[in-house]
Amino acid sequence: MTTTTPTRRRRRAPTRIERVAGKAAALQKPRVILAGLLLLALTSVMLLDGYLRAEVGGDQRVRTGAASGKVPDKVLDGGPILTFRGGQATTVSVPDKTIALTFDDGPNPTWTPQVLAILKKYDIPATFFVVGSMVSRYPSIVADMVDAGNEVGIHTFTHVDLSYQSDARVNREMQQTQLALAGAAGITTTLFRAPYSSETDAIDNYSWPVYKKLGEDGYTSVFVDTDSDDWKRPGVSKIVKWATPDDGEGASVLFHDAGGERSQTIKALPKYIEKMRAKGYTFTTISGAVQEQEAAAGGQAGGRAQGGPNGQPGGAGAGAGTSNLQAAHRTATGATLYEGKALIGAVAVAEWTVPVLSVGLLVVGVAVMGRFGMMLILARRHYRQRNRRRFSWGPQVWQPVSVIVPAYNEKECIANTLESLARSTHPIEIIVVDDGSTDGTSEIARDAARELGMTNVRVIRQENAGKPAALNNGVRSAGHDIVVMMDGDTVFEPDTVRQLVQPFADPEVGAVAGNAKVGNRNTVIGAWQHIEYVMGFNLDRRMYDLLRCMPTIPGAIGAFRREAVLEVGGMSEDTLAEDTDITIAMHRAGWRVVYQEHARAWTEAPGSLKQLWSQRYRWSYGTMQALWKHRKSLTDKGPSGRFGRVGMPLVVIFQIVTPVFAPLIDVFTVYSMIFVDFRAALLAWLAVLAVQLLCAAYAFRLDREKYRYLLMMPLQQLAYRQMMYLVLIHSCITAMTGGRLRWQKLKRTGEVGTPAGAGR
């Protein structure tokens, strides 16, 4: 029996193009990740800022009128300080002739410092029940508060009624406020006052379990027995009157240092302090009141005997470095301290970032609206100027021209391209430059020319060197003074070349941009690109033409004076956008570049999102390369400097800066719809969409396109536009990190044939 050992096939070595593509993919992946991380960071910052302002996760419900049958009578009738030592509910009252002055809802950058100044002037302490979100926003005020000898307690993180919240939300509200205090002042606290609470007899069956749970965690809940009701702004005299306890009784007195306009509180506070001192009252903190009461009863200082909440340090180490008036404080250490500082840092970033982004949003919005307005005005003027009966570039141009078709693996499209050129009404020679194709493109081109009886076709083969090299080879081989450049996947209408070359009757014109149309527009992606081509590219070109600063002649259809191309050094390989590069170079050489709307070319747009991303990434990055390469045009003098003075700023503002920040509009819109005001945000978005639809409709009218494709525009704004933003951000990151990519070949189907259906 004979055993046959299968022979191993030698693995084929990757081609040069495959190696370049592999390197490009390796370069792109980390930059895509970085772009995604930047977007995630922006979203996180906005959500954090919204959470701090109670726009995210806010709950405005306040429970009133609930039964209290499950609450012990001794609690309902007891003092304003509730503890759960040994698991038993115990209330403590403030000693007679003693005021435990408390403030809720702070800190506030306007009112809290004024309150602290008054307390310092009269040398009295107070207890501030602070909101965690405000602590994280104004940490220095809390640090000053603690340094001045005042005591702080928790008033939740977002000022919600905890009786409506889950156990997880209650824990989160407490822990986040503790972290904020740790980051701001290096302490945590065992004191707690619930938002919307008042006297102990207001405890109900829903809030009682919350107080019990917090008591088990080591918290002391603080209520009031004398309320100034300063939040009602009843006037200074009434605030002082309502805050005064009866018949020399001690009291936990409530004022507010935030939560609204507090000028009456600021005026009333000195009068109140002077009045109470005149009555023989002393002022203390909540911990001071507890310890006075326990000392009077022969007990020990309870503030030091109680462990910290949630297992935080208590006992002898608690309150180290603090007076008995701050006995509820615990020194923050370890992870709590560092997490607190991280929270304060993150909030500082959000506090700085969101206002800056808001200003950026305003600038972007104004720029976008300004651009739309300028495009509409200049496009209308351009259309009226170029479509007047008497308009002429000069004598008719009938001299033969050379059409250069660079091709790399265009077997699906090259025959259609040559077939469309065979119908040209203008005399042409055709030069197909095969850039090292491996799919028989050159053979297909020769066979198609032979079948069509075209004797004016030359096929030149070269080693794969890229599109710029192929175009330069074609220019060198051209036999005429005017060269037309088109892509291998593009088809011309019969009159395209004749229309395209007419502007050369003007000796100042060095190049002409044609009107590129999307041929495969009957898919969703194709329709989106069709809208973009008509509205974005062609409307833009009308504007730039009038301003004499056209930034790009499309690779699908453009014509040049051969001498002008050679003068600027031909097509450069320095950038991925060789069309933008040579256009700017021709401006700088003093040539005029114009737009010819009647010269139409039909091109096959990318048919998948992956191919679209690849193409637009190359375009965006290549444009940035070209702008950087020609940055010295900003200082060019005379006509050659016009692009630097006008075109360069417009391209940078409208094609790079504005689109990079344009996602802010969408991010803020989504944020507002979810967390702020859905109806107002939706109306604002629809208003912007209406303006864009108006511009698009006008662009379609100028190009005589069917309006039905505009039905796809709302979906385009929701999906396609976001992708284009991400592509541009990706390109910016690549540019900033110094990456270099090579020109990439897109997969073609050859479905775009002769433009018999023009305008469909």
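Here, every reference points to the structure presented above.
Residues numbered from 1 in each chain as written. Predicted model: local features only at pLDDT ≥ 70, side-chain atom pairs only at ≥ 80, totals over all residues. Heavy atoms only, no water.

Asker: Is there a simple way to explain the packing of helix H6 (residues 167-185) against helix H12 (residues 334-386) in this structure?
Answerer: The relative placement of two packed helices is expressed as an angle between their axes plus a distance between the axes. Running from amino to carboxyl end, H6 crosses H12 at an angle of 85°, the nearest separation of the two axes being 7 Å. Classified by the angle between their axes, H6 and H12 sit roughly perpendicular to one another. Of the residues in H12, those in contact with Gln 176, Leu 179, Ala 180, Ala 182, Gly 183 and Ala 184 of H6 are Thr 336, Leu 337, Glu 339, Gly 340, Lys 341, Leu 343 and Ile 344. (Axes fitted to C-alpha atoms, helices over the stretch in contact; angles between N-to-C directions. Helix = DSSP H or I, 4+ residues; strand = E, 2+ residues; numbered from the N terminus. Parallel < 35°, antiparallel > 145°, perpendicular 65-115°, else oblique. Contact = heavy atoms within 4.5 Å.)

Asker: What exactly am I supposed to notice about the packing of aromatic side chains here?
Answerer: Pairs of aromatic rings are described using the distance from one ring centre to the other and the angle between the two planes. Enumeration according to the criterion identifies 8 aromatic pairs in this entry. Here Phe 391 and Trp 393 contribute two aromatic rings whose centre-to-centre distance is 5.2 Å and whose plane-to-plane angle is 80°, an arrangement assigned as edge-to-face. The class of Phe 391 is partly exposed, set by a relative accessible area of 24%. Residue Trp 393 is classed as buried on the basis of its relative accessible area, which comes to 16%. (Phe/Tyr/Trp six-rings, centres within 6.5 Å; stacked < 30°, edge-to-face > 60°. Buried < 20%, exposed > 50% of the residue type's maximum accessible area, 1.4 Å probe, protein only.)

Asker: Explanation requested: the sheet that holds strand S13 (residues 401-407) in the structure shown.
Answerer: Strand pairing within a sheet occurs via backbone hydrogen bonds; the two strands may be parallel or antiparallel. Here 8 strands make up an open sheet; going across it, the order is S15-S14-S13-S16-S19-S18-S20-S17 and the pairing mixed. Of all strands in the sheet, those bounded by a partner on one side alone are strand S15 (457-462) and strand S17 (490-492). With strand direction ignored, the average angle separating the axes of adjacent strands in the sheet is 30°. One ladder, built from 3 bridges, connects S17 with strand S20 (residues 592-603); its direction is antiparallel. When the sheet's bridge partners are listed, Phe 492 is paired in S20 with Ala 601. (Pairing = 2+ DSSP bridges.)

Asker: I'm lost on helix H13 (residues 414-422) in this one. Help?
Answerer: Since one α-helical turn is 3.6 residues long, residues separated by three or four positions face the same way. Taken residue by residue, H13 has Ile 414, Asn 416, Thr 417, Leu 418, Ser 420 and Leu 421 as its buried positions. Taken together, the buried residues of H13 touch S13, strand S14 (428-435), helix H14 (441-451) and S17.

Asker: What's the story with the pattern of salt bridges in this structure? I'm lost.
Answerer: Pairing between side chains becomes possible if they bear opposite charge and their charged atoms approach one another. Counted by the stated rule, this structure contains 26 salt bridges. With a closest N to O distance of 2.8 Å, Lys 467 and Asp 487 form a salt bridge. Of the two residues, Lys 467 sits in helix H15 (residues 467-477) while Asp 487 sits in the loop between strand S16 (482-485) and S17, which places them 20 residues apart along the sequence. You'll find Lys 467 and Asp 487 in the same group, each marked buried. (Salt bridge = Lys/Arg side-chain N within 4 Å of Asp/Glu carboxyl O.)

Asker: Would you mind showing me how to read a positive patch on the surface here?
Answerer: Together, Arg 548, Lys 637, Arg 642 and Arg 645 make up a positively charged patch on the protein surface. Tracing the chain through its elements places Arg 642 in helix H21 (residues 642-661). Looking at Arg 642, the relative accessible area reads 31%, which means it is partly exposed. (Patch = residues over 30% accessible without salt bridge, like charges linked within 9 Å, V, L, I, M, F, W, Y side chains within 5 Å. Areas by Shrake-Rupley, 256 points an atom, 1.4 Å probe, with all protein chains shown as cover. Lys, Arg positive; Asp, Glu negative; His and termini not counted. Charge placed at Lys NZ, Arg CZ, Asp CG, Glu CD.)

Asker: I tried to follow unusual backbone geometry on my own but got confused; where do I start?
Answerer: Trans peptide bonds make up the majority, and among non-glycine residues the majority have a negative phi. With omega at 0°, the peptide bond leading from Gly 106 into Pro 107 counts as cis. At Asp 123, a position not held by glycine, the phi torsion is positive, near 55°. Residue position: Asp 123 is located in the loop between helix H3 (112-122) and strand S4 (127-130). On the accessibility criterion, Asp 123 (67% relative accessible area) is exposed. For Arg 548, which is not glycine, the phi dihedral falls at a positive 60°. Judged by its relative accessible area of 38%, Arg 548 falls in the partly exposed class.

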